[in-house]
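# Structural overview
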Amino acid sequence: MPDTLRQLYSADPKAGYLAAKAEIDAAVARVLASGTYIHGRELAAFESEFAAFLGARGCAGVANGTDAIELALRALGIGAGDRVATVANTVTATVAAIVATGAEPVFVEIESDTMLMDARALEVVLRADTERRIKAVVPVHLYGQACDMPEIVAVALAHGAKVLEDCAQAHGATVSGRTAGTWGDLAAFSFYPTKNLGALGDGGAVVGGDAGALERVRLLRQYGWRTRYVSDEHGRNSRLDELQAAILRARLPRLAAENAYRAQFAARYLELLAGTPVRLPVVAAGRTHVWHQFVVRTAKREALRAALEAQGIFCGVLYPVPIYRQPGYAGDVARPLTEKACAEVISLPLHPGLTVADVERVAAAVRAAL
Ligand SMILES: *Cc1c(COP(=O)(O)O)cnc(C)c1O
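For clarity, every value in this text was computed on a predicted model and none was experimentally measured. (Residues numbered from 1 in each chain as written. Predicted model: local features only at pLDDT ≥ 70, side-chain atom pairs only at ≥ 80, totals over all residues. Heavy atoms only, no water.)

Further remarks concern the site of the ligand. Around the ligand, the surrounding shell holds 14 residues, and the nearest of these are Gly65, Thr66, Asp166, Ser190 and Lys195. One of the backbone N or O atoms of glycine 65 is found 2.8 Å from an oxygen atom in the ligand. For the shell around the ligand, the secondary structure elements donating two or more residues are helix H4 (65–75) and helix H5 (92–100). In the shell around the ligand, the residues fall into five nonpolar, seven polar and two charged. (Near = heavy atom within 4 Å. Polar contact = N/O pair within 3.5 Å; in protein donor to acceptor, adjacent residues only side chain to side chain. Helix = DSSP H or I, 4+ residues; strand = E, 2+ residues; numbered from the N terminus. Nonpolar A, V, L, I, M, F, W, Y, C, P; charged D, E, K, R; others polar.)

Shown next as structure tokens:
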């Protein structure tokens with residue numbers, strides 16, 4: 001690799017910090033001087049600002065996205081003996097959180113074009129659940145595109161199942177003009193540093209309009225306390241600290257512009273890669289995509305990855321192995337479209353730290369490699 005070429009990665013958390021350095025440094029200094037480091041003004045302000053951004057009724061900050069899913073499911077009454085329907089081409093966290101509640105995951109097939117939960121496949125799985133053990137559905141808005149929420153909510157409702165949206169990759173995405181995270185009973189967000197809205201450490205939130213369930217998340221995130229030192233129920237320690245909340249407040253005003261920046265890069269990739277052998281991402285009608293990942297598909301993934309690495313371009317693969325094929329969660333199911341997607345997906349660099357010239361360089365390298 002010529003050493004004049006800058007290395008490109010599928011994510012760049014430092015660029016996110018540098019873009020808002022003055023605001024973030026001021027926010028950190030403010031918290032350090034305040035003397036309150038846990039559950040103070042910054043958290044309360046972030047919760048209301050983030051809810052307002054989404055158009056959601058309420059928000060409760062927690063320690064990370066995995067906890068957000070687990071505590072939201074527990075707040076919705078999910079536990080041992082229940083089953084929860086989700087997809088297998090997600091990060092382990094989605095399923096680890098389901099298992100942490102005591103429930104058992106059930107894997108629903110994906111749509112072949114969007115690679116998101118297929119509402120019709122969900123309906124088939126729910127119909128087959130004659131004992132009504134599937135008490136919740138967790139659609140994952142993977143890569144930045146929201147699932148077919150009108151259909152998924154309707155199918156779940158008809159079965160009496162709750163809906164918890166996994167929004168960890170979809171801050172600001174919409175379906176039918178409504179934000180991802182406002183369709184289900186509750187929604188879970190992650191603020192891991194590389195997400196579209198990232199902290200500089202761990203962070204997460206549960207969002208939703210079910211005030212009772214959200215109140216329950218607030219108990220569960222701190223030992224089950226309603227009143228200090230008295231646990232109403234068995235809770236956890238899962239707190240979003242003041243430093244992270246203040247950093248998120250400093251970054252939130254940029255989120256819409258950063259999503260637009262990502263969309264501009266995605267549009268350029270789509271233009272430059274049209275007509276090549278890679279299968280390009282598809283955005284379904286009525287949806288907006290926030291391009292957490294720009295995922296193309298090819299059966300020659302490893303060859304493409306090696307060719308790009310030789311040019312200093314490092315791609316991610318989200319996710320190579322379906323959850324039910326991983327030793328820790330092995331299950332006796334087969335979802336052929338899910339398996340095909342896992343075998344073919346590769347994420348090209350796309351984040352707000354890039355330039356259009358970087359995108360053009362990557363696209364040219366992809367063309368040359370194939
Ligand atoms: C990142 C992510 C999570 C987990 O979030 P953490 O903050 O890392 O716990 C869950 N689901 C999806 C789809 C994610 O991308």
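Our focus in this paragraph is the nonpolar core. Generally speaking, nonpolar side chains in soluble globular proteins are found buried as a group. If you look at the biggest cluster of nonpolar residues, it comprises 58 residues, and the most contacted ones within it are Phe46, Phe50, Leu122, Val137, Phe189, Phe191 and Leu197. Structurally, this core is a two-domain feature, drawing no fewer than three residues from each of domain 1 (17–253) and domain 2 (254–369). Other than its neighbours up to four places away in sequence, phenylalanine 46 contacts Phe191, Leu197, Leu240, Ala245, Leu248, Arg249 and Leu252. Of all hydrophobic cores here, the second largest spans 24 residues; its members include Ala75, Ile78, Ala136 and Val138. (Core = buried A, V, L, I, M, F, W, Y, C linked by side-chain atoms within 4.5 Å. Buried < 20%, exposed > 50% of the residue type's maximum accessible area, 1.4 Å probe, protein only. Domains from an automatic or database assignment. Contact = heavy atoms within 4.5 Å.)

Following the criterion strictly, the structure yields 25 salt bridges and no others. The salt bridge partner of glutamate 70 is arginine 236, with a shortest N-O separation of 2.8 Å. Of this pair, glutamate 70 sits in helix H4 while arginine 236 sits in the loop between strand S12 (230–231) and helix H9 (242–251), placing them 166 residues apart in sequence. Close ionic contact of arginine 297 with glutamate 344 constitutes a salt bridge, the shortest N to O distance being 3.1 Å. In this pair, arginine 297 is assigned in strand S14 (residues 294–297) and glutamate 344 in helix H12 (residues 336–344), connecting sequence segments 47 residues apart. Arginine 297 gets classed as buried once you look at its relative accessible area, which sits at 6%. What makes glutamate 344 buried here is its relative accessible area of 12%. Via salt bridges that share partners, Arg30, Glu42, Glu49 and Arg249 belong to a single interconnected network. (Salt bridge = Lys/Arg side-chain N within 4 Å of Asp/Glu carboxyl O.)

As a further point, take the domain arrangement of the chain. The domains assigned to the chain are domain 1 (17–253) and domain 2 (254–369). Look at where the C-alpha atoms of domain 1 and domain 2 centre, and you get two points 24 Å apart. Between domain 1 and domain 2, a total of about 3,400 Å² is buried, with carbon and sulfur atoms accounting for 54% of that surface. The three residues of domain 1 that bury the most area against domain 2 are Glu109, Tyr143 and Asn196, which together make up 22% of that side's buried surface. If you look at where domain 1 meets domain 2, you find one salt bridge. Linking domain 1 to domain 2 there are 26 residue pairs in polar contact (both at pLDDT 80 or more). At the level of elements, H5 and strand S7 (174–175) are the ones that each hand at least two residues to the side of domain 1 that touches domain 2. The leading source of residues in the side of domain 1 that touches domain 2 is H5, at four residues. Here the side of domain 1 that touches domain 2 is built from residues that sort into 24 nonpolar, 14 polar and seven charged. (Buried area = accessible area lost by both parts, 1.4 Å probe.)

Bringing helix H11 (residues 301–309) into the picture now. Of all the residues in H11, the buried ones are Arg301, Leu304 and Leu308. Projected onto a plane normal to the axis of H11, the buried residues spread over an arc of 65° and lie on a single side. On its buried side, H11 packs onto strand S15 (313–314), H12, strand S16 (345–348) and helix H13 (356–369). (Arc of directions from axis to C-beta.)

This paragraph deals with the packing of H11 against H13. Interhelical geometry of H11 versus H13 gives an angle of 130° and a closest axis separation of 9 Å. Considered as vectors, H11 and H13 are oriented oblique to each other. Where H11 crosses over H13, the handedness of that crossing is right-handed. Across the interface between the two elements, Leu304, Ala307 and Leu308 of H11 pack against Val362, Ala365, Val366 and Ala369 of H13. Looking at the contact of H11 with H13, its residues break down into seven nonpolar, no polar and no charged. (Axes fitted to C-alpha atoms, helices over the stretch in contact; angles between N-to-C directions. Parallel < 35°, antiparallel > 145°, perpendicular 65-115°, else oblique. Left-handed = near helix turned anticlockwise from the far one by under 90°.)

Before going further, it helps to examine unusual backbone geometry. Cis geometry is adopted by the peptide bond preceding tyrosine 319, which originates at leucine 318 and carries an omega value of 5°. The topology assignment puts tyrosine 319 in the loop between S15 and H12. With a phi angle near 50°, tryptophan 291 is a residue other than glycine that sits in the positive phi range. Within the fold, tryptophan 291 resides in the loop between strand S13 (287–288) and S14. On the accessibility criterion, tryptophan 291 (6% relative accessible area) is buried.

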